[in-house]
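So you can see what is in the structure, the chains are spelled out below.
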Amino acid sequence: METDVLVVGGGNAAMSAALSARDHGARRVLVVERAPKFYRGGNSRHTRDFRVMHTRPSEYMIGTYLEDEFLEDLKKVAGGEINENLAKLIVCNSEELPSWLSSQGIRWQPTLSGTLHLGRTNIFQLGGGKAMMNSYYHTAEAKGIEIWYEAMLVDMDIDRNVFKSATIKRNGEYITVRSKMVIVASGGFEANIEWHRRYWGDAADNFIIRGTPYNQGNVLELLLNKGVEKVGEEDAFHAVAVDGRAPKFDGGIVTRLDSVPFGIVVNKHGKRFYDEGEDFWPKRYAIWGGLIARQPGQIAYSIFDSKVLGKFMPSVWKSEKAQSIRELAEKLGLDPNAVEATVAEYNAAVRPGDFNPAELDNCTTEGLTPRKSHWALKIDTPPYYAYPLKAGITFTYLGVKVNEQARMMMKDGRLAENMFACGEIASGNVLRRGYLAGFGLTLGATLGRIAGREAAYAVK
């Protein structure tokens, strides 16, 4: 089998790359997707929005979101460890995404309002990630892009910095695919529990994988073993607080819990361990998975009272409910004395203010460690409620190093001649610990477009 551009992966980044390559003149483009057709799209199936720079309001986004603010938001969550040139390229190119994605068949829904605070910064796909992926694939097929499902890349022939061919396992056969260019968009290793155990030990057994079980990291490991330079933190991941009753794999975005800023979070010993009101939820929600992963038993509990009902999206599972904190703690299997003491200490530290979930309000605590910086209300109005929380991993930050043309970089310092990467497998170039809501899709589609364009130009 021979092709001009081989795209490894089947999500947002992969399809952006494939379509971009085709649009820029690549005659033969082949996409190999490890999952069956029904599960195509990887983690992108579970998404719902892109974070995009824009200089004027539209029917889909309010106000403006300019380059400097976007970059500052990104640097704040990334903790300063960021390739600023690449980050700036992604931010500036994001302005073109809505119109380009529309040209690929993706549709948008009217701007949202409420406590997610995303109406100004993010644009939401109509029908969510599943509809987006269906549009991608429909357009790709119409443009003559070949797609193989249940096709797993198992080996690559790489001579120094030149890709020669890939071995694909499909329908029980091993097929050699020779390609002039390869674009890898196969995700990280988030679904590989054994790989997580290298860094986390037995704690990894308690992690929830929010997305596809097919992101095992086998292509990433192949590339690193064959001389591609790595980037990102090996033991770090984008992980959020999910309902502790979520399925092990593929629960998606509906398992995420947004109740944290409206109450307190305690560990299995009934103790608070972090500031629940540090910043707006879209900027801080992605740190909570890692925080919970570091707690005893990798479990925590979100506790709140009846005053805040309706302020956030509830879980798809029923909350625990009780008429007293003691009764609630007993239902959760926690030490009631410890939880009562924690709530009493918190209530005593709350200072009156003007509660406003739409702003960084002045409802805070005083003399409490850890402090609650905003949205601090006493937990004193029964009935009381709680959700169990676990670490829900979205993607890992370990990946391959790329330049501003999405071209891979080798360990010996040379650029790969015909190897590109985009999406989660390249996220460590910009994200090494934090996350900004909607940025994953933006990074994937932007680098995917660049990779596809550069690969097509190189073919010609």
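Conventions and cut-offs
- Residues numbered from 1 in each chain as written.
- Predicted model: local features only at pLDDT ≥ 70, side-chain atom pairs only at ≥ 80, totals over all residues.
- Heavy atoms only, no water.
- Helix = DSSP H or I, 4+ residues; strand = E, 2+ residues; numbered from the N terminus.
- Rg over C-alpha atoms; globule rule 2.2 N^0.38 Å.
- Buried < 20%, exposed > 50% of the residue type's maximum accessible area, 1.4 Å probe, protein only.
- Arc of directions from axis to C-beta.
- Contact = heavy atoms within 4.5 Å.
- Axes fitted to C-alpha atoms, helices over the stretch in contact; angles between N-to-C directions.
- Parallel < 35°, antiparallel > 145°, perpendicular 65-115°, else oblique.
- Left-handed = near helix turned anticlockwise from the far one by under 90°.
- Lys, Arg positive; Asp, Glu negative; His and termini not counted.
- Salt bridge = Lys/Arg side-chain N within 4 Å of Asp/Glu carboxyl O.
- Polar contact = N/O pair within 3.5 Å; in protein donor to acceptor, adjacent residues only side chain to side chain.
- Core = buried A, V, L, I, M, F, W, Y, C linked by side-chain atoms within 4.5 Å.
- Phe/Tyr/Trp six-rings, centres within 6.5 Å; stacked < 30°, edge-to-face > 60°.
- Lys NZ or Arg CZ within 6 Å of the ring centre and 35° of its normal.
- Expected span 1.5 Å × (residues − 1).
- Pairing = 2+ DSSP bridges.

S.K.: I'd like a description of the overall build of the chain, backed by residues and values.
M.R.: Helix and strand counts for the chain stand at 12 helices and 20 strands. The globule rule puts the C-alpha radius of gyration for 460 residues at 23 Å, and the 23 Å found for the chain is close to it. Expressed as lengths along the three principal axes of its C-alpha atoms, the size of the chain is roughly 70 × 50 × 40 Å. Across the 460 residues that make up the chain, the buried fraction comes to 59%.

S.K.: Describe helix α10 (residues 325-332), naming the residues involved and giving the relevant values.
M.R.: Where α10 is concerned, the buried positions are Ile325, Leu328, Ala329 and Leu332. Mapping the buried residues of α10 onto a view down its axis gives an arc of 100 degrees, with all of them on the same face. Its buried side turned inward, α10 meets β13 (300-305), β14 (320-322), α11 (336-349) and β17 (384-396). Looking at the residues trailing α10, positive phi occurs at Gly333, about 80 degrees.

S.K.: Can you break down the packing of helix α1 (residues 12-23) against helix α5 (residues 128-142) residue by residue, with the values?
M.R.: The interhelical angle for the contact between α1 and α5, taken along N-to-C directions, is 25 degrees, at an axis separation of 10 Å. Judged on the interaxial angle alone, α5 and α1 are roughly parallel. Crossing handedness for the pair α1 and α5: left-handed. The segment α1 lies against α5, with Asn12, Met15, Ser16 and Leu19 engaging Met132, Met133, Tyr136, Tyr137, Thr139 and Ala140.

S.K.: Go over the side chain of Arg210, please, and point to the residues and values.
M.R.: By secondary structure assignment, the location of Arg210 is in the loop between β9 (208-209) and α7 (218-225). Here Arg210 occupies a buried position and makes no salt bridge, while the nearest side chain of opposite charge, Asp258, is found at 7.9 Å. In this view, Arg210 contacts His46, His238, Val240, Val242, Asp250, Gly251, Gly252, Ile253, Arg256, Gly392, Ile393 and Thr394; residues no more than four positions away in its chain are not counted.

S.K.: Can you tell me about the environment of Lys271, naming the residues and giving the values?
M.R.: Structurally, the position occupied by Lys271 is in the loop between β12 (264-267) and α8 (281-284). The exposure class of Lys271 is partly exposed, given its relative accessible area of 44%. Considering only alpha carbons, one finds Lys271 and Val343, 72 residues apart in sequence, at a separation of 9.2 Å. Once residues within four sequence positions are removed from consideration, Lys271 is found in contact with Val265, Val266 and Thr342.

S.K.: Lay out the environment of Tyr136 in plain terms, naming residues and giving numbers.
M.R.: Of note, Tyr136 is situated in helix α5. For Tyr136, a relative accessible area of 0% corresponds to the buried category. Between the alpha carbons of Tyr136 and Ala13 there is a distance of 11 Å; along the sequence they are 123 residues apart. If sequence neighbours within four positions are ignored, Tyr136 has contacts with Asn12, Met15, Ser16, Leu19, Leu101, Ile106 and Ala445. A distance of 3.0 Å separates polar atoms of two side chains, one belonging to Tyr136 and the other to Ser16.

S.K.: So what's going on with the nonpolar core? Which residues, and what values?
M.R.: Membership of the largest hydrophobic core comes to 122 residues, with the highest contact counts inside it found for Phe50, Leu223, Val400 and Phe439. Per element, the largest residue contribution to this core is nine residues, and it comes from helix α12 (residues 439-459). Not counting residues up to four positions away in its chain, the partners in contact with Leu223 are Met156, Ile158, Val184, Val228, Val400, Met408 and Ile425. Counting residues in hydrophobic clusters, the runner-up holds 21 residues, among them Tyr301, Ala322, Tyr346 and Ala376.

S.K.: Could you give an account of unusual backbone geometry, with specific residues and numbers?
M.R.: That bond from Thr369 to Pro370 is cis: its omega, -5 degrees, falls within 30 degrees of zero. Structurally, the position occupied by Pro370 is in the loop between β16 (364-365) and β17. Of note, the bond from Pro382 into Pro383 is cis; its omega dihedral lies within 30 degrees of zero at 0 degrees. In this fold, Pro383 is placed in the loop between β16 and β17. In this model, Trp375 sits at a positive phi of 60 degrees, which is unusual for a non-glycine residue. Note on placement: Trp375 falls in the loop between β16 and β17.

S.K.: So what's going on with the packing of aromatic side chains? Residues and values would help.
M.R.: For the coordinates displayed, the defined rule picks out 19 aromatic pairs. For the pair Phe262 and Phe312, a centre-to-centre distance of 5.6 Å together with 25 degrees between the ring planes defines the contact as stacked. With a gap of 50 residues between them, Phe262 in the loop between β11 (237-243) and β12 and Phe312 in the loop between β13 and β14 connect regions that are remote in the sequence. The same class applies to Phe262 as to Phe312, namely buried. Taken together, the ring pairs in this structure connect Phe262, Phe304, Phe312, Tyr385 and Tyr387 into an aromatic cluster. Directly above the ring of Phe38 sits Lys130, whose terminal nitrogen or CZ lies 4.6 Å from the centroid.

S.K.: Explain α1 to me, and be specific about the residues and the numbers.
M.R.: Residues that lie three or four places apart on an α-helix share one face, since the helix turns once every 3.6 residues. Counted at 1.5 Å a residue, the expected span for α1 with its 12 residues is 16 Å, and the 16 Å between its end C-alpha atoms agrees. Judged by how many residues are buried, α1 sits mostly within the fold: 10 of 12 residues are covered. Taken residue by residue, α1 has Asn12, Ala13, Ala14, Met15, Ser16, Ala17, Ala18, Leu19, Ser20 and Ala21 as its buried positions. Immediately downstream of α1, the backbone of Gly25 shows phi near 110 degrees, a positive value.

S.K.: Lay out the pairing of strand β20 (residues 415-421) in plain terms, naming residues and giving numbers.
M.R.: Summarising burial for β20: five of the seven residues are buried, a large majority. Relative to β20, strand β8 (residues 173-184) is paired through three bridges, and the arrangement is parallel. Residue pairing for β20: Val182 is matched across the bridge by Met419. Taken together, the two bridges between strand β19 (residues 407-409) and β20 define a ladder with antiparallel strand orientation. Among the inter-strand pairings, Met409 is bridged to a residue of β20, identified as Leu415. The turn joining β19 and β20, which pair antiparallel and follow one another in sequence, is formed by five residues; a positive phi near 95 degrees is taken by Gly413.

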